[in-house]
Amino acid sequence: AAFQAFITETAWGSVWARPDMDRRTRSLITISILAALGRVGELEMHLRASKNVGVDPNEIAEALLHVAVYAGVPAAHSAFQVAKDVLEGDQ
């Protein structure tokens, strides 16, 4: 319960609510970071949520190409597979 409160207050209450960046951009950044770190469970969740803030699948692909260049091809390859599974599964 304390950890959930921490996440809610810190991530959703503070960082995601800041006024100088829209949620769509934050979503793409979050997807990129999670892909680079190989955090598959969180990546799946944020991929599903990304459509709620107007992220297009083509934008996700572009973000993952950046992951390939800056964080490595294996991380991006894995993330592309997760994105394919999640996004095609939601159709």
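Preceding block: the structure.
Residues numbered from 1 in each chain as written. Predicted model: local features only at pLDDT ≥ 70, side-chain atom pairs only at ≥ 80, totals over all residues. Heavy atoms only, no water.

Could you give me a rundown of the packing of helix 2 (residues 23-37) against helix 4 (residues 57-71), with the residues and numbers involved?
Where helix 2 meets helix 4, the closest approach of the two axes is 9 Å, and the angle between their N-to-C directions is 40°. In terms of orientation, helix 2 lies oblique with respect to helix 4. Both helix 2 and helix 4 take part in a crossing whose hand is right-handed. Contacts from Arg24, Leu28, Ile31, Ser32, Ala35 and Ala36 in helix 2 reach Glu59, Ile60, Ala63, Leu64, Val67 and Ala71 in helix 4. Tallied by class, residues from the contact of helix 2 with helix 4 come to nine nonpolar, one polar and two charged. (Axes fitted to C-alpha atoms, helices over the stretch in contact; angles between N-to-C directions. Helix = DSSP H or I, 4+ residues; strand = E, 2+ residues; numbered from the N terminus. Parallel < 35°, antiparallel > 145°, perpendicular 65-115°, else oblique. Left-handed = near helix turned anticlockwise from the far one by under 90°. Contact = heavy atoms within 4.5 Å. Nonpolar A, V, L, I, M, F, W, Y, C, P; charged D, E, K, R; others polar.)

Hey, could you go over the nonpolar core for me, with residue numbers and the actual values?
In terms of nonpolar packing, the biggest core is built from 17 residues, with Ile31, Ala35, Leu43, Leu47, Ile60, Leu64 and Val67 touching the most fellow members. Of all elements in the fold, only helix 2, helix 3 (40-50), helix 4 and helix 5 (73-89) reach the threshold of two or more residues within this core. A per-element tally of this core places helix 5 first, with six residues. Beyond its immediate stretch of four places on either side in the chain, Leu64 contacts Ile31, Ala35, Ala76, Ala79, Phe80 and Ala83. (Core = buried A, V, L, I, M, F, W, Y, C linked by side-chain atoms within 4.5 Å. Buried < 20%, exposed > 50% of the residue type's maximum accessible area, 1.4 Å probe, protein only.)

Let's hear about the packing of aromatic side chains: which residues, and what values?
By the definition in use, this model includes two aromatic pairs. Measuring from ring centre to ring centre gives 5.1 Å for Trp12 and Trp16, while their planes differ by 35°; the resulting arrangement is tilted. Judged by relative accessible area, which is 12%, Trp16 ranks as buried. (Phe/Tyr/Trp six-rings, centres within 6.5 Å; stacked < 30°, edge-to-face > 60°.)

So far we have only geometry, and geometry alone does not tell us how the molecule works.
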